[in-house]
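# Fold and contact review
The chain contents come next:
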Amino acid sequence: MTDKLALALLFGGRSSEHSVSVATAGGVLGALDPEKYEIIPVGITRDGGYVLGSTDPADYFMGEGRMPEVRDDGSRVEWPRDAVSHELTITSASGEVRGVHVDAVFPILHGLWGEDGTVQGMLELVDLPVVGSGVLASALGMDKHFMKTVFVQSGLPVAPWATISRRQWADDPASVHAAASALGYPVFVKPARAGSSVGVGKATDAAGLALVVEAALAEDTRALVEPAVVGREIEIAVLGSAGGAKPRASVAGEIVLTGREFYDFEGKYLGGDGVELVTPAALSGEQLAEMQELAIRAFEAIGAAALSRVDFFLTESGWVINEINTMPGFTPISMYPKCWEASGLPYPALIDELVALALDARG
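Now for a description of the structure that goes with this document. These numbers come from a predicted model, not from an experiment.

So, about the overall build of the protein. A tally of regular secondary structure across the protein gives 11 helices and 16 strands. Taken over the C-alpha trace, the protein has a radius of gyration of 20 Å; the compact-globule value for 363 residues is 21 Å, and the two agree within 12%. Along the first, second and third principal axes, the C-alpha atoms of the protein reach 65 × 50 × 40 Å. Across the 363 residues in the protein, those meeting the buried criterion constitute 52%. Across the protein, the fraction of contacts at a sequence separation of at least 24, relative to all contacts at a separation of at least 6, is 64%. Summed over its atoms, the accessible surface of the protein is roughly 15,300 Å², and 52% of this surface lies on carbon and sulfur atoms.

Structure below.
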């Protein structure tokens, strides 16, 4: 008999953010206290197979040209067959079968088929406590068009945008060019349902628009066209509270670009030059208080739970919300844990609190 909490870490997946998810899992693995947790690493291959992963954080390292991934070693993990057992069935590569009890699941997944409510729904069906948001909030947070639509309805400040589709681009490209011109160049084009800056591009004129539209629509069937917003890029972390109490917001962190046009994938995850993450961001008390309140309103507008990172621009006319991320990058160098570290909540304690919130939400 053990008093340890059996925690399944779910990572990898079929999306283009597979390696980011794997790297995040390595950060969490390295921070979890083995005296508190019985860790069950469950990797999802790029083909969607569930395999038993390594417990060594070093196997998940990303950087210096290395992109980690979940490889199919022949093992298989099956989720509980009902909502009572809470038992995973693990089959080794050699065919040995064993049952493993699980108390909670931390789905460290980014992008489609993981961050978008699909996995959350599956886990809810078998009554497993899940770290993070549920089906609706995950789906809204993943889809930038519907996320911004909800924010507008909630009276939150967002930049104008136009949503385009693959069919529209194929059948009527002139309408896409017209939408970009109406917004005013330069514009950014983003897949509607992707993160980690995958598929994001900047066009400074009509001639460059086609290239970035093609890249965005290669990631999703829809994309957003947005005008470039002039302002400081500042992010803030939101953390839920037990018992349905008001969520909390951290101090803010600022992305300072010194040699990049925008905060791209390399700058976020590969330690590329030209990016500095400053925590806490230099804000007045009034600015921080307003940002924290807007972030909590955004969190509650989509019905988020446990954790989210809300990204803002601070412009001459005030705050503009860029997006909310319901499963933000969670490596030790990512902005979400860095903001809480600067707020007095260290990375391991933050993970403990998130797991406790998942158990609390189940009641």
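Looking now at the packing of helix α1 (residues 18-31) against helix α11 (residues 347-362). It is at 9 Å that the axes of α1 and α11 come closest, and there the two elements cross at 100°. Regarding the angle of α1 to α11, the classification is roughly perpendicular. Along its contact with α1, which presents Gly-27, Val-28 and Ala-31, the element α11 presents Tyr-347, Pro-348 and Ile-351. In terms of residue class, the contact of α1 with α11 is made up of five nonpolar, one polar and no charged.

Taken as a whole and assessed by the stated rule, the structure comprises 13 salt bridges. Linking Arg-71 and Glu-69 is a salt bridge whose minimum nitrogen-to-oxygen distance equals 3.6 Å. Judged by relative accessible area, which is 62%, Arg-71 ranks as exposed. Ionic pairing is found between Arg-232 and Glu-254, a salt bridge with its closest N-O pair at 2.7 Å. Placement of the pair is Arg-232 in strand β12 (residues 232-239) and Glu-254 in strand β13 (residues 248-257), with a sequence separation of 22 residues. When its relative accessible area of 12% is taken as the criterion, Glu-254 is described as buried. Three or more residues are tied together by salt bridges with common partners; here these are Arg-46, Glu-69 and Arg-71.

With antiparallel pairing, four strands are arranged side by side in an open sheet as β8-β11-β9-β10. Two strands lie at the open edges of the sheet, namely β8 (162-165) and β10 (201-203), each paired on one side alone. The mean angle between the axes of side-by-side strands here comes to 30°, regardless of whether they run parallel or antiparallel. With three bridges connecting them, strand β9 (residues 187-191) and β10 associate as antiparallel partners. Within β10, the position partnered with Val-189 by the bridge is Gly-201. Of the strands in this sheet, β8, β9 and β11 (222-227) are in contact with helix α4 (residues 144-153), which crosses β11 at around 55°.

Leu-9, Val-28, Phe-106, Phe-330, Ile-351 and Leu-354 are the most contacted members of the largest nonpolar core, which totals 37 residues. Among the elements of the structure, β1 (5-12), α1, β7 (104-108), β12, α10 (335-342) and α11 are those that each provide at least two residues to this core. If you tally residues by element for this core, the top one is α11, at seven residues. Discounting residues that sit within four places of it in the chain, Phe-330 has contacts with Thr-24, Val-28, Leu-307, Tyr-336, Pro-337, Tyr-347, Leu-350, Ile-351 and Leu-354. Counting 25 residues, the second largest nonpolar core, distinct from the first, contains Met-147, Met-291, Leu-294 and Ile-324.

Quick look at the packing of aromatic side chains now. Under the defined criterion, the tally for this structure stands at six aromatic pairs. Ring centres of Tyr-50 and Trp-79 lie 5.9 Å apart, and the angle between their planes is 90°; this geometry places the pair in the edge-to-face category. Highlighted residues: Tyr-50 in strand β3 (residues 50-52) and Trp-79 in the loop between β4 (76-78) and β5 (87-91), separated in sequence by 29 residues. Residue class for Trp-79 comes out buried when judged on its relative accessible area of 11%. Taken together, the aromatic side chains of Phe-106, Phe-330, Tyr-336 and Tyr-347 make up a single cluster linked through ring pairs. A cation over a ring is seen here: Arg-14 above Trp-113, with NZ or CZ 4.3 Å from the ring centre.

Glancing now at helix α9 (residues 285-301). With 17 residues, α9 should cover 24 Å at 1.5 Å per step; its first-to-last C-alpha distance of 24 Å lies within 8% of that length. Listed in full, the buried residues belonging to α9 are Met-291, Leu-294, Ala-295, Ile-296, Ala-298 and Phe-299. Buried-residue contacts for α9 involve α4, β12, β13, β15 (307-315) and β16 (318-325). In the segment just after α9, Gly-303 is the residue with positive phi, at about 75°.

Among the residues making up helix α6 (residues 173-183), those that are buried are Val-176, Ala-179 and Ala-180. End-on, the buried residues of α6 take up no more than an arc of 95°, which puts them together on one face. Those residues of α6 that are exposed and angled more than 90 degrees off the buried face are Ala-174 and Ala-182. Residues of α6 that are buried in the fold lie against β8, α5 (166-171), β9, α7 (206-217) and β11. One or two residues past the end of α6 sits Gly-184, with phi positive at roughly 100°.

Rules behind the numbers
- Residues numbered from 1 in each chain as written.
- Predicted model: local features only at pLDDT ≥ 70, side-chain atom pairs only at ≥ 80, totals over all residues.
- Heavy atoms only, no water.
- Helix = DSSP H or I, 4+ residues; strand = E, 2+ residues; numbered from the N terminus.
- Rg over C-alpha atoms; globule rule 2.2 N^0.38 Å.
- Buried < 20%, exposed > 50% of the residue type's maximum accessible area, 1.4 Å probe, protein only.
- Contact = heavy atoms within 4.5 Å.
- Areas by Shrake-Rupley, 256 points an atom, 1.4 Å probe, with all protein chains shown as cover.
- Axes fitted to C-alpha atoms, helices over the stretch in contact; angles between N-to-C directions.
- Parallel < 35°, antiparallel > 145°, perpendicular 65-115°, else oblique.
- Nonpolar A, V, L, I, M, F, W, Y, C, P; charged D, E, K, R; others polar.
- Salt bridge = Lys/Arg side-chain N within 4 Å of Asp/Glu carboxyl O.
- Pairing = 2+ DSSP bridges.
- Core = buried A, V, L, I, M, F, W, Y, C linked by side-chain atoms within 4.5 Å.
- Phe/Tyr/Trp six-rings, centres within 6.5 Å; stacked < 30°, edge-to-face > 60°.
- Lys NZ or Arg CZ within 6 Å of the ring centre and 35° of its normal.
- Expected span 1.5 Å × (residues − 1).
- Arc of directions from axis to C-beta.

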